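# Structural description and commentary
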Amino acid sequence: LVPRLQPFTSTIFAEMTALAVQHDAVNLGQGFPDTDGPLSMLEAARSAISSGVNQYPPGPGMPVLRIAVAAHRSRYGLSYDPDSEILVTVGATEAIAASLLALVEAGDEVILIEPYYDSYAASVAMAGASRVTVGLREDSSGRLALDVDALRAAVTPRTRAILVNSPHNPTGTVFRLEELQAIAALCIEHDLLAITDEVYEHLVFDGLTHIPLASLPGMASRTLSISGAGKTFNCTGWKIGWVCGPAALVSAVRAAKQFMTFVGGAPFQPAVAHALTAELDWVAGLRDSLASKRARLAEGLRAAGFEVRSSEGTYFICADVRPLGYEDGWQLCRDLPARIGVAAVPVQVFTDRPDEWKHLIRFAFCKQDAVIDEAVERLHKL
Ligand code: PMP
Ligand code: GLN
């Protein structure tokens, strides 16, 4: 393995899921739902398979899906040409990797907000670039917020791009308008490319709203906005994602993507197009149900002795292990499956400053209530 990929031989999700399977643990580690998406979407995929939609789709993605994505983005006041400004990818993961491979040079710096989703660091490394990380910082209300001063200090003459994930995995932070405005101001001042990961765009709670960075003044022309169907429609295994942006940037991403996977997921594309068009009420129900699952798990974690951080969106909530007498979340997560039959994920593995984050572990609440309750019952044995 080439040296720049040596830190990336395994993922925490594969590691913790393997432990969960080995010990028959309740898996609140890897974030995936345990119920299916809307029936009409499943039916649309079945009928696409039955009616012969089983060969390579067009390179940029099937037109019906690109048109549906454009209509979906227009809900934020953003306008994209389905032919030249939207590219369908194999999940958001490929969109992120292809964007970096296409637009970042070896030696460039890419700013990541820490903790960061694990594929970002690996994709930056594959592009031969280096990452510069800026930690979220707990504000007076206990919210993990953007540290605007640290972000400003992280920009150097080599900075090419910033990757922004909101709603944020693993913390559940949803960036406010002022935080996005600060990011936008820096991008404009230093002529940076913004790459946004919005896969949890619909999973936002407490009346907060998801604001795409591209919708801020001056940002549409320099932003690649990435999202996907997995989290919105409970179909993480379908791996249908997309990237929207100005034609010149999207055609660059397409150049990289066509030699990574060429195309993917033919029968799932019309099914996701259908869901984006006809099942947003279902998604509103999913969001409400996840908000109540978050409350259920938060209450259970508190009762078991954890101190819980706020989560404003996504599938995830973070808990501080120190009140239970532990110091190192990674050590605890390694022990949990065998000791009490629960799997969680340490937050420090998503950072370059593990010491600052080692007290937090992440739990996924995108599970049936009975599963959450079983996990909580087991956690009481800690
Ligand atoms: N970004 C974030 C923040 C995620 O949590 C995930 C994980 N599911 C992805 C990207 C990957 O999305 P996909 O499965 O569509 O590749
Ligand atoms: N995005 C999911 C999570 O954060 C897992 C995806 C994966 O297994 N790579 O848990």
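Just so we're clear, the structure is a prediction, and the values are computed from it rather than from any experiment.

The next subject is the UniProt feature "domain: Aminotransferase class I/classII large" (unreviewed entry) in the protein. Using the residue numbers shown here, the UniProt feature "domain: Aminotransferase class I/classII large" (unreviewed entry) corresponds to residues 24-379. Along residues 24-379, the helical share is 39% and the strand share 17%, with 15 Å between the first and last C-alpha atoms.

Around ligand 2, a shell composed of Thr11, Phe13, Gln30, Gly31 and Asn169 is seen. Broken down by class, the residue content of the shell around ligand 2 amounts to one nonpolar, four polar and no charged.

As summarised here, the arrangement of the four strands in space is 11-12-15-14, forming an open sheet in which the pairing is antiparallel. One side of each edge strand has no neighbouring strand; the edge strands of this open sheet are strand 11 (307-308) and strand 14 (345-346). On top of the sheet, helix 10 (residues 280-303) reaches strand 11, strand 12 (316-320) and strand 15 (360-364); it is set at about 15° to strand 12, its chief contact.

Below, the discussion takes up helix 7 (residues 177-190). For helix 7, which comprises 14 residues, the first-to-last C-alpha distance of 20 Å matches the rise-based estimate of 20 Å (1.5 Å per residue) to within 8%. Burial in helix 7 covers these residues: Glu179, Leu180, Ile183, Ala184 and Cys187. One side of helix 7 carries all its buried residues, which in axial view fall inside an arc of 135°. Away from its buried face, by an angle of more than 90 degrees, helix 7 presents the exposed residues Leu177, Glu178 and Glu189. Turning to helix 7, the residues buried within the fold contact strand 6 (144-145), strand 7 (159-165) and strand 8 (193-197).

This part is about the site of ligand 1. Taken together, 13 residues form the shell around ligand 1, and within it Gly91, Ala92, Thr93, Asn169 and Gly228 come nearest. If you tally residues by element for the shell around ligand 1, the top one is helix 4 (residues 91-103), at three residues. A breakdown of the residues in the shell around ligand 1 according to their chemical character gives three nonpolar, eight polar and two charged.

With their axes 9 Å apart at the nearest point, helix 10 and helix 13 (residues 369-379) run at an angle of 10° to one another. Relative to helix 13, the element helix 10 lies roughly parallel. In this structure, helix 10 contributes Lys293, Arg296, Leu297, Gly300 and Leu301 to the contact, and helix 13 contributes Asp369, Ile372, Val376 and Leu379.

The next thing to look at is the pairing of strand 3 (residues 109-114). When you tally the buried positions in strand 3, you get five out of six residues, the bulk of the element. Direction of pairing for strand 3 relative to strand 4 (residues 130-135): parallel, over a ladder of six bridges. Counted as the bridge partner of Glu109 is Ser130 from strand 4. In this fold, strand 3 hands off to helix 5 (residues 118-126), which returns the chain to strand 4; that crossover is right-handed. Pairing geometry for strand 3 and strand 7, over four bridges, is parallel. Paired with Leu112 across the bridge in strand 7 is Leu163.

It is worth spelling out the confidence of the model for the protein at this point. As a note on interpretation, predicted positions should not be read in detail where pLDDT is low. Per-residue confidence for the protein gives a mean pLDDT of 97, with 100% of residues at or over 70. Two numbers describe this predicted complex: its pTM, 0.97, and its ipTM, 0.97.

Residue Pro115 is reached from Glu114 by a cis peptide bond, and omega for that bond is 5°. When you line up the elements, Pro115 lands in the loop between strand 3 and helix 5. Its identity as a non-glycine residue notwithstanding, Asp191 has a phi of 55°, on the positive side. Structurally, Asp191 can be placed in the loop between helix 7 and strand 8. You can call Asp191 exposed: it has 9 C-beta atoms within 10 Å. Of note, the phi angle at Thr314 is positive, near 75°, even though the residue is not glycine. The buried category is assigned to Thr314, around which 29 C-beta atoms lie within 10 Å.

The rules behind each value
Residues numbered from 1 in each chain as written. Chains lettered and ligands numbered in written order. Predicted model: local features only at pLDDT ≥ 70, side-chain atom pairs only at ≥ 80, totals over all residues. UniProt positions renumbered as here; feature names shortened; annotations may be inferred. Helix = DSSP H or I, 4+ residues; strand = E, 2+ residues; numbered from the N terminus. Near = placed C-beta within 6 Å. Nonpolar A, V, L, I, M, F, W, Y, C, P; charged D, E, K, R; others polar. Pairing = 2+ DSSP bridges. Contact = placed C-beta atoms within 7 Å. Axes fitted to C-alpha atoms, helices over the stretch in contact; angles between N-to-C directions. Expected span 1.5 Å × (residues − 1). Buried ≥ 20, exposed ≤ 12 C-beta atoms within 10 Å, placed from the backbone. Arc of directions from axis to C-beta. Parallel < 35°, antiparallel > 145°, perpendicular 65-115°, else oblique. Right-handed = clockwise from strand over helix to strand, strands pointing away. pLDDT = per-residue confidence, 0-100.

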